[in-house]
Amino acid sequence: MTAATEPLLLATAVRKAYGPTAALDGADLTIRAGEVVAVMGPSGSGKSTLLHCLAGIVRPDSGEIQYRGRELSAMSDGERSALRRSDFGFVFQFGQLVPELTCLENVAMPLRLSGTKRRPAERQAAEWLERLEVADISGKRPGEISGGQGQRVAVARALVGDPRVVFADEPTGALDSFNGERVMRLLTDAANDTGAAVVLVTHEARVAAYSDREIVVRDGKSRDTERVS
Amino acid sequence: MSSPHGGARYEPFAGFDSVGGGSGRPPAPDARTVGLRAWIRDLALGARFAAGGGREGWTRTALTAVGVGLGVALLLLTAAVPAMMHTRDQKRVAREPSSAAYIAHPGASTLLSEETGTTYHGDGITGLLVHPEGPKAQLPPGVTAWPGTGRMVVSPALERLLASSPLLRERIPYPITGTIGHAGLMGPAELYYYAGSDQLVARDSTYHHGNADRIAGFGAHSNSAVMGPTFDLLLIVVLVVLLLPVAVFIGTAVRLGGERRDRRLAALRLVGADIRTTHRIAAGEALLGAVFGLLVGALLFLVGRQLASHVTIRDISAYPGDMAPNPALTVLIVLAVPIASIAVTLAGLRGTTIEPLGVVRQGVGRRRRLWWRLLLPAAGLALLAPLFGKVKGDVSLNEYQVAAGAVLLLFGVTAVLPWVVEAAVGRLRGGPVVWQLATRRLQLNSSSSARMVSGVTVAVAGAIALQMLFHGVDGDFVSSTGADTSRAQAVVNGEVGDSAQVASYVRSIAAAKGVSQVYGFARADATRPDASTLKRDETTDYPYLPVDVAGCPTLRQLARITSCAPGSVFLVPPDDDPYVHGDYVKFVRPGGLVDLNSPDSGAYHGKARLWRIPAGAVTAHPLPQPSGAQEWGVLATPEALGKAALSTPQAQITVSVDPKQPDAIERVRNAVAAFGPAVRMYTLHDTKEKSNYIQLRRGLYAGATLTMGLIGASLLVTMLEQLRERRKLLAVLVAFGTRRSALAWSVLWQTAVPVVLGLVLACAGGIGLGAALLAMVGGPFHVDWAGMGAMSGIGAGVVLLVTLLSLPPLWRLMRADGLRTE
Amino acid sequence: MSIGHTLLGLLESGPRHGYDLKRTFDERFGHDRPLAYGQVYSTMARLLKSGLVEVDGIEPGGGPERKRYAITDAGITDVATWLAQPEKPEPYLQTTLYTKVVLALLTGRSAADLLDSQRAEHLRLMRELTRRKRDGDLADQLICDHALFHLEADLRWLELTAARLDQLAAEVTR
């Protein structure tokens, strides 16, 4: 977290409106390699929109978002999809696992979409499931496992492609404290080991406590503690 | 702060992840190569989705497969029809006696044959009396050994029939020595036999004497019957009307589970699948359903083919092996069905953009345009219009033009439907809560409900059009024969020696149980008295002057006669045929001479046998005969002719039977059968229907019923899927205190509104197409209101049934646990 | 909670008598525990000595209760430093934080900034506890969790207060 590190993600004056309401109204932030940053703020403050913009899923109305020096808005859908495969990982509150696939296949999916053959992809996926202490459910479908297990599978899937940034949107939102803490510990440990940065959207302080620093979003404006200080 | 190339690379576009966003630019340097492997991987992944996903996924795939399979089976059947017809034709020709040239003398390979047919309880039985004249005589197809004299080989169906019908056995009494194999039969239900006979005498070169043909073997030239352009038109329209709803159904079937699929694809977009990848995956899903559908279709076709061998429609049955789809058409079906299903899937995805966070449907709020939808039926009409009034006689029909026109007209109905539903539903306001729930839901997503009923619409429209066409061409196919079946039920005719033999035939027939009246006469020909002196060549014209010989009671049946005694002769003028009338006036007059040695094959043979018409001959008016014909010429009692010999007299016997004795006609047949193969019997009918037409109509009704059932099944699936999507909402409404019956009513309205609109449109489209088809055959415009009502009723009934069937699941979904999040 | 800083803050809006200060303090912050006169005068004496306040004037009649105090420039700086300095997160902090927020609003300073830096301070401690919890045994974990839940409760209060700042400002400056 030194100032010398090149910023991985750089957002400047990002604005995004859904209809007449501005979800983001001039957000600035910097994410550096390997750091865990919590994006905090009350519900409706624009946290999730900010995350979606940073990940290139949603295009801001104005402002710049650069990933490793490249403007996200200027990329084609194919390029941004490729970025999601190779550089980004995602953990959402729920609904991001494909219900038709087994947990192992779900985790192997980003690798397979990047062209890895089935066997090596599933071997790597199995390793990650083991690391996240859910190796026993690799053959089950998402509908057959608990919420905590599902989130750990999602973490495994987010990290299997060795991403530079993991975007986590309320990853513990549907879990109780115990399971939530467990997921957070596994997520941050694994991200630390692989050197991935984590953008963690949460409104829970105990979850945010797993971060290195926090960014507060209020009324669509973000306060980056790094920039303030 | 700004990236080195940020400004230069930025270009404005409508929205993130829009389909067009990335397609215009060259592939990015870091984009993964999309090669064959990616295609295979994504298709396999899609197939994995279609096959996996637990019970629900399987149900969806199975339904898709069944839907596609039924369509494929129908397509295969259609592809098999030409080959089947061809095989039947070939088999029919192969067993026909070859009669290329007259054979005067018996040889090592010649045989004598004579066809002898009969009818038993309405089933036609064909028999061939045969007698091989040399050791090398060719066996008929399907027969391995000649039946000995007085013995026969039979088809398996005939063997069974004979075993169960003593009455028929009496008529065909020969001991059975073997059965006819597949090669010699057109279908398993065919009634056929070959009987050995030593009573056969070869006809002479003029075919005057003898009772059998000397032939060189079997296998004649094809002379398949042509039904004419009206029949072709009917066949084409029936196929279009049956296949089009199936096509629409396939389109609906591959879209089953669409919303769930979109969510799944959104989840994949999140982990980095680009739009093209998701399209390939969706294609893979559709592909698996289509491939399963092909397998199911092939299976259904094979099973159906086996079953079809047990079905006989109007004496026609077919062996499974003969129903072989044309290989080229089969390859086309195997390729076209999966490709079409992929195309439909991709077309369905065109209006939606699958984003990593969910699905964005475009065009919400954009009003549908009407003009291009009207273009389709207009184009169809434009194709059909040049044919108005042209379909008659022997003109050959441009099948493609007709098919394309009909398809466009019917597709026009489905194209206009979404616009009509949107336009109609958009104006609905207010009303009771139930109505409000239904109409608001429809306003939100009118296209899916329109799609749901489009199959029903096409089926009903097509069926209405066909009914109109059938009605219009009824007269073409059902022709009046003029026969009066209240006076007589059968006529018997055949060669006899003299009028005394006719009298003995009449006596034997009268002896059969159930015969109420029978009379007969001997018919012979006479010609001009100077016929023997005329130049004997082909161009010479010999007038035809019929001479009918019978006792007075019979003559009274033929003409209005006041007094008759042995020796009486009556002269009956022909009604209005100017050609024969001239001959009659010239030669048939009291005291006139005629030559009884009438040449019947164009050339005069032998010596003249002159007979003078008695001077006391009286002119009488003819009476119409039960067969519909009227006798004219000379009516004479046998005494009037004296010793004058008739040349080749024919027996003409008219039979009435007691209608209360159902087997009377069979007993008459038995009696006639005893007279030998030269004497035949025909039963009389008021009208004569061409059997192909009946088959066509039955096929249509069966097909329409099947299609409606199919559409009903797909409707049910779609409906259940929609209900599941909204289970939470339903549970909330119930928690509010909404009555369940209210929700059921809203579901019913939700289906009923598009269905009613669809049926109205179907009636309009059906009448339009029907009118166009009628105009083509030149028939008068006529709407079959009853038929239209029936078809619409069936359509509405299907929807009502589906709604009723969806109520129990709706009840289950509305239980309180629906509130639970999954 | 620092009585000295609070009284200094109250003086920022204008010179006041000691009695006046006590009444204002009680009104705003001392609902259940009124300030004793002795405490006011001893505090003021100390602030006077450190040069943070000065005597603005003495009304005729004499006596300590007749002294009018005014804040000095040094005093204003001192208040600012105090407000900007996040409190060490500890239980029952809200009295101090509330006082600070109200004073910030009264003196026209940014209460939101105050709350933000306090949140950052809370989070800093929570991070430290989380780290300790990760490396420690079960006993450590349980103890840390206890502290974490309390801190989280404070943070929620901070969030809620932040969300209601406008409402509060309207009320205090009425």
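Residues numbered from 1 in each chain as written. Chains lettered and ligands numbered in written order. Predicted model: local features only at pLDDT ≥ 70, side-chain atom pairs only at ≥ 80, totals over all residues. Heavy atoms only, no water.

The name that an unreviewed UniProt entry assigns to chain C is DNA-binding transcriptional regulator, PadR family, with the source organism given as Actinacidiphila yanglinensis.

An unreviewed UniProt entry annotates chain A as Putative ABC transport system ATP-binding protein of Actinacidiphila yanglinensis.

**Focus on the overall build of chain C**
Worth spelling out the cut-off: Helix and strand assignments come from DSSP, with helices taken as H or I runs of at least 4 residues and strands as E runs of at least 2, each series counted from the N terminus. Accessibility throughout is a Shrake-Rupley quantity obtained with a 1.4 Å probe, and a residue counts as covered only by protein chains that appear here.
A tally of helices and strands in chain C yields eight helices and three strands. Secondary structure elements of chain C, listed N to C terminal, follow the sequence α-β-α-α-β-β-α-α-α-α-α. Carbon together with sulfur atoms contributes 52% to the accessible area of chain C, which is approximately 9,400 Å² in total.

**Some remarks on the overall build of chain A**
Defined as follows: Each residue is placed in one exposure class: buried if its accessible area under a 1.4 Å probe, protein chains only, is under 20% of its type's maximum, exposed if it is over 50%, and partly exposed if it falls in between. We call two residues in contact when some of their heavy atoms are within 4.5 Å.
When helices and strands are tallied, chain A shows eight helices and ten strands. Burial statistics for chain A: of 229 residues in total, 62% are counted as buried. By sequence separation, contacts in chain A at least 24 residues apart represent 73% of the contacts at least 6 residues apart. Accessible area of chain A: about 8,000 Å², with a carbon and sulfur share of 48%.

**A word on the interface of chain A and chain C**
Defined as follows: Two parts lose some accessible area (1.4 Å probe) when they are put together, and adding that loss for both gives the buried area. Whenever a carboxyl oxygen of Asp or Glu lies within 4 Å of a side-chain nitrogen of Lys or Arg, that contact is scored as a salt bridge. Any pair of N or O atoms that falls within 3.5 Å is considered a polar contact. Within protein, one atom must be able to donate a hydrogen and the other to accept it, and sequence-neighbouring residues count only if both atoms are side-chain atoms.
Between chain A and chain C, the residue contacts involve 20 residues of the former and 17 residues of the latter. The junction of chain A with chain C conceals about 1,500 Å² of combined surface from both sides, 50% of it contributed by carbon and sulfur atoms. When the buried surface of chain A facing chain C is broken down by residue, Arg206, Ala209 and Arg218 of chain A rank first, second and third, together holding 33% of it. Applying the counting criterion to the chain A and chain C interface returns five salt bridges. Where Glu214 of chain A meets Arg127 of chain C, a salt bridge forms, and the shortest distance between an N and an O atom there is 2.5 Å. Run the count over chain A and chain C and you get seven residue pairs in polar contact (both at pLDDT 80 or more). Counting only elements with at least two residues in the side of chain A that touches chain C, the list comes to α6 (177-194), α7 (205-208) and β9 (213-218) of chain A.

**Remarks on the sheet that holds strand β19 (residues 633-636) of chain B**
Note on sheets: strands pair through backbone hydrogen bonds, and any given pair is parallel or antiparallel. Residues and elements named next belong to chain B. What counts is decided by this rule: Strand pairing is assigned whenever DSSP detects at least two bridges linking the two strands. Lines fitted to the C-alpha atoms define the axes, with helices restricted to the stretch that makes contact. Angles between their N-to-C directions range from 0 to 180 degrees.
Here we have eight strands laid out as an open sheet, ordered β17-β14-β19-β12-β11-β20-β10-β21, and mixed in their pairing. The strands lining the two open edges of the sheet, one partner per strand, are β17 (618-619) and β21 (679-683). Where strand β14 (residues 569-572) lies against β17, two bridges are found, and the strand directions are parallel. Bridge pairing in β17 links Phe570 to Val618. Taken strand by strand, helix α15 (residues 499-511) contacts β10 (490-495), β11 (515-526), β12 (545-549), β20 (650-657) and β21, and its axis lies near 165° from that of β11.

**Section: the pattern of salt bridges**
What the rule picks out here adds up to 37 salt bridges over all chains. The partner of Glu666 of chain B in a salt bridge is Arg669 of chain B, with the nearest N and O atoms 2.9 Å apart. A residue pair is termed a helical-turn pair when its members lie 3 or 4 positions apart in one helix, as Glu666 of chain B and Arg669 of chain B do in helix α19 (residues 664-673) at three residues. Each of Glu181, Glu204 and Arg206 of chain A together with Lys133, Asp145, Glu152 and Arg156 of chain C takes part in a single network of salt bridges with overlapping partners.

**Some points on the environment of Phe49 of chain B**
Checked against the element boundaries, Phe49 of chain B lands in helix α3 (residues 36-51). Look at Phe49 of chain B and you get buried, because its relative accessible area is 0%. Sequence-wise, Phe49 of chain B and Arg261 of chain B are 212 residues apart; in three dimensions their C-alpha atoms are separated by 8.8 Å. Once you skip the residues sitting within four places of it in the chain, Phe49 of chain B turns out to touch Val98, Glu100 and Leu101 of chain A together with Arg60, Arg264, Leu268, Ile281 and Glu285 of chain B.

**Quick look at a nonpolar patch on the surface**
Stated formally: Two distance rules govern patches: like charges are joined within 9 Å, and nonpolar side chains (Val, Leu, Ile, Met, Phe, Trp, Tyr) within 5 Å, applied only to residues with over 30% relative accessible area and no salt bridge.
Together, Val331, Val334, Leu335 and Ile339 of chain B line one region of the surface with nonpolar side chains, adding up to about 370 Å² of accessible area. Within the element layout of this structure, Val334 of chain B appears in helix α10 (residues 327-350).

**Overview of the packing of helix α12 (residues 399-426) of chain B against helix α22 (residues 740-777) of chain B**
Residues and elements named next belong to chain B. Applicable threshold: Any angle that falls under 35 degrees is termed roughly parallel, while one over 145 is termed roughly antiparallel, one within 65 to 115 roughly perpendicular, and all others oblique. A crossing counts as left-handed when the near helix is turned anticlockwise from the far one by less than a right angle, and as right-handed when that turn is clockwise. Only Asp, Glu, Lys and Arg are considered charged, only Ala, Val, Leu, Ile, Met, Phe, Trp, Tyr, Cys and Pro nonpolar, and every remaining residue, Gly among them, polar.
At a minimum axis separation of 9 Å, α12 and α22 run at an interaxial angle of 155°. Taken together, the axes of α12 and α22 are roughly antiparallel relative to one another. As for how α12 packs across α22, the hand of that crossing is right-handed. Contact residues: Val402, Ala406, Leu409, Leu410, Val413, Val416, Leu417, Val420, Val421, Ala424 and Val425 in α12; Val753, Pro754, Leu757, Gly758, Leu761, Ala762, Gly765, Leu769 and Met776 in α22. Split by residue class, the contact of α12 with α22 holds 18 nonpolar, two polar and no charged.

**Examining the sheet that holds strand β5 (residues 70-71) of chain A**
All names here are of chain A. Reading across the sheet, the four strands line up as β2-β1-β4-β5 and stay open at both edges, with antiparallel pairing between neighbours. The sheet terminates laterally at β2 (21-32) and β5, the two strands that pair on one side only. With five bridges connecting them, strand β1 (residues 7-18) and strand β4 (residues 62-67) associate as antiparallel partners. Bridge pairing links Ala11 to Ile65 in β4.

**Quick word on helix α1 (residues 3-11) of chain C**
Of all nine residues in α1 of chain C, nine are buried, a share of seventy percent or more. Of all the positions in α1 of chain C, only Ile3, Gly4, His5, Thr6, Leu7, Leu8, Gly9, Leu10 and Leu11 of chain C are classed as buried.

**A word on the side chain of Arg269 of chain B**
By the secondary structure assignment, Arg269 of chain B is in helix α8 (residues 258-270). Polar side-chain contacts of Arg269 of chain B include one of 3.0 Å to the side chain of Ser81 of chain A.

**Description of the packing of aromatic side chains**
Going by this rule: Aromatic contacts are taken between Phe, Tyr and Trp rings whose centres are within 6.5 Å, Trp giving its six-membered ring; a plane angle under 30 degrees counts as stacked, one over 60 as edge-to-face, and the others as tilted. Criterion for a charge above a ring: Arg CZ or Lys NZ at most 6 Å from the ring centre, at most 35 degrees from the ring normal.
The tally for this structure, following the rule as stated, stands at 13 aromatic pairs over all chains. Ring plane angle 85° and centroid distance 5.1 Å describe the contact between Tyr67 of chain A and Phe88 of chain A, whose orientation is recorded as edge-to-face. In this pair, Tyr67 of chain A is assigned in strand β4 and Phe88 of chain A in strand β6 (residues 88-91), connecting sequence segments 21 residues apart. Taking 5.6 Å as the distance between ring centres and 20° as the angle between the ring planes, the aromatic pair formed by Phe90 of chain A and Phe167 of chain A counts as stacked. Residue Phe90 of chain A is found in strand β6, and its partner Phe167 of chain A is found in strand β7 (residues 165-169); the two are separated by 77 residues along the sequence. Through successive ring pairs, a cluster of aromatic residues spans Tyr67, Phe88, Phe90, Phe92 and Phe167 of chain A. If you follow Arg280 of chain B out to its NZ or CZ, it ends over the ring of Trp39 of chain B, 5.5 Å from the centre. Positioned above the aromatic ring of Trp82 of chain C, the side-chain terminus of Lys100 of chain C is 5.2 Å from the ring centre.

**Section: the pairing of strand β8 (residues 197-201) of chain A**
Residue and element names in this part refer to chain A. We count it as follows: Throughout, right-handed denotes a crossover for which the path from the first strand over the helix to the second runs clockwise when the strands point away from the viewer.
Among the five residues in β8, five count as buried, and that is most of the element. Because side chains alternate across β8, one face comprises the buried residues Ala197, Val199 and Val201, and the other comprises Val198 and Leu200, equally buried. Pairing of β7 with β8, which is carried by five bridges, proceeds in the parallel orientation. Note on β8: the bridge partner recorded for Asp169 is Val201. Note on the crossover from β7 through α6 to β8: the handedness is right-handed.

**Points about the nonpolar core**
All names here are of chain B. Basically, it comes down to this: Take the buried Ala, Val, Leu, Ile, Met, Phe, Trp, Tyr and Cys residues and link them wherever side-chain atoms come within 4.5 Å; each set so joined is a nonpolar core. Boundaries of every domain are those given by an automatic assignment or by a domain database.
In this structure, Leu233, Leu410, Val460, Ile464, Leu769 and Met776 are the most contacted members of the largest nonpolar core, which totals 72 residues. Among the secondary structure elements, those contributing two or more residues to this core are α7 (229-253), α12, α14 (446-477), α20 (691-725), α21 (727-736), α22 and α23 (785-813). If you count residues domain by domain, this core takes at least three from each of domain 1 (34-95 + 225-362) and domain 3 (386-479 + 689-822).

**Things to note about unusual backbone geometry**
Residues and elements named next belong to chain A. With phi around 60°, Glu133 is a residue other than glycine that occupies positive phi space. Its location among the elements puts Glu133 in the loop between α4 (118-131) and α5 (147-160). With relative accessibility at 40%, the residue Glu133 sits in the partly exposed group. At Glu170, a residue that is not glycine, the phi angle is positive and equals roughly 45°. Looking at where Glu170 falls in the secondary structure, it is placed in the loop between β7 and α6. Residue classification places Glu170 among the buried residues on the basis of a relative accessible area of 10%.

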